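Secondary and tertiary structure notes
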Amino acid sequence: MQNAKEDLLRLFQLPPSMRISLIVHGFPPNERTGVENYTRSLAAALVRAGHAVEVFAPCPPNGLPHLALRREETDGFGVTWLAAGPDPTGPEEMLNPKGVASRFGDFLDRERPDLVHFQHVVKLGTGLIAEAEKRGIPTVYTAHDYYAFCHRYTLLRPDLERCETVGDPKACARCDQALAVLNGVEKLGDYQMGALGEQLSKSNRVKLTAALDGRSKEAGFTKEDGRNALELRETLDKRRAEDFEKLDLVLAPTKFLRDRLIEGGLEGKRIQHLPYGIETAELERVARDSAVQRGSASEKEPLRIGYFGGFSKHKGVHVLLEAFRQQKEPAELSLHGLGTDKPYVELLKKLSRKVKAKWCGAYESHELPRALASVDVVVVPSLWVENYPIVIREAFAAGRPVITSNLGALPESVRDGVDGLLFEPGDAKQLALLLDRCASENGLLANLAAKIKRVHSIDDQAKELQRIYQSVGSTKVSRAKRDLPASLRKSVARYEELLARPSRELFLQTMSGIGELGSKLLKKSAPDTIELLTNALARRSDTQNQLRDRRRESDWVRQTLVEEERELSALTQKIDWMSEVVDGREKAVRDLKRERSWLSESIAAKKLEVEALASERDDMARARVDLDQQREWLERDLAAKVLEVEGLHQKEAWLESEVANRLTEIEELETRSEWQMETIAGLKAQVVELEKKSGWFEETIASKTAEVEAAEGRVEGIEQALVAKTAELEERELAMREAAKRADWLAGVLEDRTAAIGELEKKSTWLEGLLKESRERAKHFEHASGLHESARDELAQKLELVERSALESEQRIAEQAETLQRFGSIEFELRAWLVSSRETLIAFDEKNPSRDAGQDPAAISDAVRENWESLLHDVERVLDFDEMEVAPDDLGLRVELLLDRLDTEERELHWRRLEMDLVQERAEQWIGKRFSLLVGELRDRIRSWSTESGKGESR
Amino acid sequence: MKPSVSIVIPCLDDRDLLRSNLPALFKELAARDLSDEVILVDDTGETLLSEWAQKEFPTCIVVSQARNAGFARALKRGINAAKNDLVFCMNPDVRVHLGFLDPLIECMAEEDVFAVAPKVLLDGKDAIESITELDYSAGSVELVQPGLSSEPTGDSSAKRPIVFAVGGTSLISKSAFLAMDGMNPLYEPFYLEDLDLCFRAWLAGKRVLYQPASVVEHHHRGTIGKLVEPEFVRAIIEKNRLLFQWSFLDEPDLLEEHIGDLYRRATDAWLGDSREELVWILLALDQYQEALAARKPASKRKLSFREVLTATSGLRASRGE
């Protein structure tokens, strides 16, 4: 107990001159790169300078609850670790991770530093600055990079291109969106700094570029996404700027960075240029003990190149490896450091193996001098706008020249050609040439090493900082010095003084004071402190109560959580089930929608079809009505025609009887004239020939008749099909029009026929009269010789009349033949031919009662009549072609058949026309010859009759 | 013949409060028509009230402090200036009811009465501030004001002993006050100096009484709250509570218990991040020697700490505590 008291007293008797808190985003041994190592060196230096230092830094959770604080002491200063759990989930948490500022407030309340010196607040948040400001604690911030105005703190875009824009929220928002593109790329490793092009697929490269160029759509973002990103970025930048404004002083290690900070919006008068210091003692020993010797005795040794630092893309280690590969001079490359970007580290390891570079990995601070002693030159191939790489100071302190990128503040640290060499950032070829030059040029490295200036030590900087801290601290006005009544000032001042002490100190001082009080108040026989405390704690302990309360609370929370988890699990299962159901429903809905859509389309199509069918049906109905009307009309017309034909048959019968009469007369004439018989025999032979032709005609007509019958069957089918189909209807209408035309034509034919029959009747009557008159005159001629001469004249006149009549008949035959040809009607031609033939024959018979032997006019007449009847029948059947035997459901076939049939009929018609022309020509020839012959014979006979009559009279 | 009373009012810049509350006092004094006086002690250190009082309350006597010295010193200054032996100590935010003085004076006439407190209605309502007791438990003394509790407070209409009369509303004897050297500056800048004074009176065999027949209102609008944070006020109260205990805890078991409890409190404060409590203790420890110096040896005390508590815990005792 006594020793403890003494320890406490010793602590109070040696108060530190200032209590400094150093805040950093990582600290050894967890993080061991530039700023982290620098902070450790600074803490140690400040302790050496007599200050009390407390470091606040995040650390991996390692089983601790999220945001738990743990303090430990090392090298004379305290480190309070903040167990940092999950990574930030978005830009807002990146700027200010949830709960960290509050825990930092707890740290400040416990430690009550006189001043807070922020080294970096990334991972911790700018809210820490506000917490210090809230407590009136003076603040200093060392800008190690561009975090004060660049949320990525490197001025490096996600495509690892350097950003030329400072403080433009639009560019920063595009940067956020580009980073969001990388967020979506799996297995990219630590991509927060950016990604190399070869790490990305082509589509992602395109998206990344589009995002950075502000082409949101191509980058996969909506315009609203762009607006939101900008709005968020403006808000966060404003918040960050507000927090940075709360700083009392900003230290810039380089002038380059100071200018950038001013450019980025920080107030110039609050920025002070202060170069870093480093731990130089051990490194300077390296410079002394193993100075760079190249160019002298060992010039043929390979050049020893060293890289020291983080294995991050923006550090450009891959550029160095490529340069090393291109090097022509013998050289060795050793890589010292560590990296969290696993894919990039793997890439570097692969490249290292390829070029046979030595992979040395991480190193502790105390190992650095030895590592530097093993190299001739240090390369810092950074691709980002570096500020003040500590490794350059370390290399210089160890007497090693540095080759670095001609970028950012690097030329401020390395003087090209003086204490190092510069190359264009990313230019591996140029770097290779420089390294070859170092390897081959005698004395180059030694000369560079000789011109290295003494490096600023961390202890020097601690002294500088002490002055800065005091000046900043003095600007803070004590509450006690404000305008208070005199009776309060002393008490308030003391109160504030105590409040400003660390909790640890308060506790130690309190315990000590109580001990002192107890020693005055209590008797010597009183229990010692431990016993008193034990008794008191046994009676009551607020801490124990709190712990119990917390435990109970924790148990309750745990139990509640278990129940909630159980409920959650049940809910999750339910949600999963519901999700499946919903998925199923959604799928069903999608299917139904598709079906509905398909049905809608089908219904629409069917409606159209129905409408079309309805329209077709109406058209068909109308067409059917028309066809029925036409059929009825045709049937009526046909019936009329049949009646007419029957009339003609009757007339024919009558004519036949007349012919029989004539034949009787002809028989009488035959008995009177043998030469007439011979002539008739010739006629008979011709008639036989005609009969043969007629037989041939019969056969043809019979076959045509069969075709017509078949066609009639097919036409019936077509008619039925026409009811259903529009196309068929059109064919039907065409057929009907044809039928109508034929009907018209038939009507005309019938009219003509009727007229011809009328003419024939007239002529027959006239011929009968004439024949009768001739007979009477012949009788008179025989009986009245006196009247011979006058009778001869009269006969001559009558003969002329007969000749004229014959000529007229001949003309009529020609006209009728023309008509037949014009109408293309077989029937008409045959009938006309037969009628005219008959008339001629009748006229001939009437005028030539004597007939040649072997010429049987009756037989000729019968044959002709039979032919006529047959032909007429054929024509009638041809005209009636309704029954076509064609399948009604095959319109194409039907149309084709119809067309075939039309072609056939056309050919048939043409053939028949030709045939009729031939028959007519022959008939005309025959008639003309026979008529001329008969006329000539008749004249001769009449002359002879006249002569005989004259002889008789003279006798 | 009724004795005259001097009313001593220590003031900061409380002109509004005075303007509001003095008329009732003057009405009372007018009704009494004696040689009463009103003394305003200007503790602003800026002599703000003299000219003002001349205009608005010309009968008031204004005593100005050259510099602000706090309530205890200002009160002592005013009492020194009083012409009457009976002094009613009054805060500017107190408004008296007509006839409040006579019941107090009657009590003061009793034997060994050091101070009498009227019924002080907080904000003019039912809660009574002026019934005061002390509670000791597990090494720590707590001040109890049963009249402010929501629990039954027993018979608050009866005159009774209390542990102390609140310095802002109490009738005392000038001579007795000065004989005790007034209030202890140990408690500066404020609070519990009246407890200390009255407790010393109890230890010396005097009594402090509560007189419900006298009624005043306390419209709590103190000026301290405007000057400092409540955390500081709390710190001073806690400091003074410790100093009080260190001044008056007498028996060894109480002291052992108390010191043990102090260790415990400090430990709990450290473990529980209650650094404020550490500050309170440290503030008190700054003055522990002065507190010890004020302790009276047992030979000079007529009552022990426990006996005073017993004598003044009437209401709690009646509740069987």
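A count of helices and strands for chain B gives 13 helices and 11 strands. Counting the 321 residues in chain B, one finds 51% classified as buried.

Turning our attention to the overall build of chain A. Helix and strand counts for chain A stand at 29 helices and 14 strands. Among the 955 residues that make up chain A, the fraction classed as buried is 39%. In chain A, of all internal contacts separated by at least 6 residues, the share reaching a separation of at least 24 is 75%.

Here the focus is the interface of chain B and chain A. Contacts between chain B and chain A engage 41 residues on the former and 41 residues on the latter. Mapped onto the side of chain B that touches chain A, the elements with two or more residues apiece are helix 8 (230-248), helix 9 (252-271), helix 10 (275-285) and helix 11 (288-294) of chain B. Residue contributions to the side of chain B that touches chain A peak at 14 residues, all from helix 9 of chain B.

Residue and element names in this part refer to chain A. Between its first and last C-alpha, helix 17 (residues 428-440) extends 18 Å over 13 residues, near the 18 Å set by a 1.5 Å rise per residue. Of all the residues in helix 17, the buried ones are Ala428, Leu431, Ala432, Leu434, Leu435, Cys438 and Ala439. With its buried residues spanning 165 degrees around the axis, helix 17 presents them on a single face.

Let's shift gears to the pairing of strand 7 (residues 133-137) of chain B. All names here are of chain B. In this sheet, strand 8 (residues 140-144) lies alongside strand 7 in antiparallel orientation, the contact comprising 5 bridges. Bridging from a neighbouring strand, Asp135 pairs with Glu142 of strand 8. The antiparallel pairing of strand 7 with strand 8 creates a hairpin that spans 2 residues between the two strands, and Ala138 there sits at a positive phi of about 50 degrees.

Quick look at the packing of helix 22 (residues 529-539) of chain A against helix 9 of chain B now. Running from N to C, helix 22 of chain A and helix 9 of chain B point in directions that differ by 80 degrees, and their axes come no closer than 8 Å. Here helix 22 of chain A lies roughly perpendicular to helix 9 of chain B, going by the angle between them. Taking contact as the criterion, the partners of Thr529(A), Leu532(A), Leu533(A), Asn535(A), Ala536(A) and Leu537(A) in helix 22 of chain A are, on helix 9 of chain B, Glu256(B), Ile259(B), Gly260(B), Asp261(B), Tyr263(B), Arg264(B) and Thr267(B). Across the contact of helix 22 of chain A with helix 9 of chain B, the residue classes tally to 6 nonpolar, 4 polar and 3 charged.

On to the nonpolar core, then. The biggest cluster of nonpolar side chains holds 126 residues, and the ones touching the most others in it are Val250(A), Leu431(A) and Leu435(A). Ranked by residues supplied to this core, first place goes to helix 17 of chain A with 7 residues. The residues that make up this core include at least three from each of domain 1 (2-137) and domain 2 (281-454) of chain A. Excluding its chain neighbours within four sequence positions, the residues that come into contact with Leu435(A) are Leu303(A), Ile305(A), Ala323(A), Gln327(A) and Ala331(A). The next biggest cluster of nonpolar side chains, apart from the first, holds 118 residues, and it includes Leu498(A), Leu195(B), Leu209(B) and Ala291(B).

Glancing now at the sheet that holds strand 6 (residues 139-142) of chain A. All names here are of chain A. What the 8 strands build is an open sheet, ordered 3-4-2-1-5-6-7-8; its pairing is mixed. Bordering the open sheet on either side are strand 3 (69-74) and strand 8 (271-273), each of which pairs with just one other strand. Averaged over all neighbouring strand pairs, the angle between strand axes comes to 25 degrees, with direction disregarded.

Here the focus is the packing of helix 8 of chain B against helix 10 of chain B. What describes two packed helices is the angle between their axes and the distance between those same axes. All names here are of chain B. Contact geometry of helix 8 with helix 10 gives a least axis separation of 8 Å together with a crossing angle of 50 degrees. The orientation of helix 8 with respect to helix 10, classified from their angle, is oblique. For the pair helix 8 and helix 10, the sense of crossing is right-handed. Along the contact surface, helix 8 presents Glu231, Ala235, Glu238, Lys239, Leu242 and Leu243, while helix 10 presents Glu276, Val279, Trp280, Ile281, Leu283 and Ala284. Split by residue class, the contact of helix 8 with helix 10 holds 8 nonpolar, no polar and 4 charged.

All names here are of chain B. Counting all residues, the mean pLDDT for chain B is 91, and 96% of those residues have values of 70 or more. Here helix 13 (residues 314-318) is the element of chain B with the lowest mean pLDDT, 46, and strand 4 (residues 86-90) is the one with the highest, 97. Below a pLDDT of 50 lies the segment residues 315-321, which in the model reaches 9 contacts outside its immediate sequence neighbourhood of four places, other chains included. Complex prediction metrics read pTM 0.64 and ipTM 0.94.

Turning to the sheet that holds strand 13 (residues 402-405) of chain A, a few remarks are in order. Residues and elements named next belong to chain A. Spatial ordering of the open sheet is given by 11-10-9-12-13-14, a layout of 6 strands whose pairing is parallel. In the strand order of this sheet, the two ends are held by strand 11 (358-361) and strand 14 (420-423), each with one partner. Sheet twist, expressed as the average angle between the axes of neighbouring strands with direction ignored, equals 25 degrees.

Each value, and the rule that gives it
Residues numbered from 1 in each chain as written. Chains lettered and ligands numbered in written order. Predicted model: local features only at pLDDT ≥ 70, side-chain atom pairs only at ≥ 80, totals over all residues. Helix = DSSP H or I, 4+ residues; strand = E, 2+ residues; numbered from the N terminus. Buried ≥ 20, exposed ≤ 12 C-beta atoms within 10 Å, placed from the backbone. Contact = placed C-beta atoms within 7 Å. Expected span 1.5 Å × (residues − 1). Arc of directions from axis to C-beta. Pairing = 2+ DSSP bridges. Axes fitted to C-alpha atoms, helices over the stretch in contact; angles between N-to-C directions. Parallel < 35°, antiparallel > 145°, perpendicular 65-115°, else oblique. Nonpolar A, V, L, I, M, F, W, Y, C, P; charged D, E, K, R; others polar. Core = buried A, V, L, I, M, F, W, Y, C linked by C-beta atoms within 7 Å. Domains from an automatic or database assignment. Left-handed = near helix turned anticlockwise from the far one by under 90°. pLDDT = per-residue confidence, 0-100.

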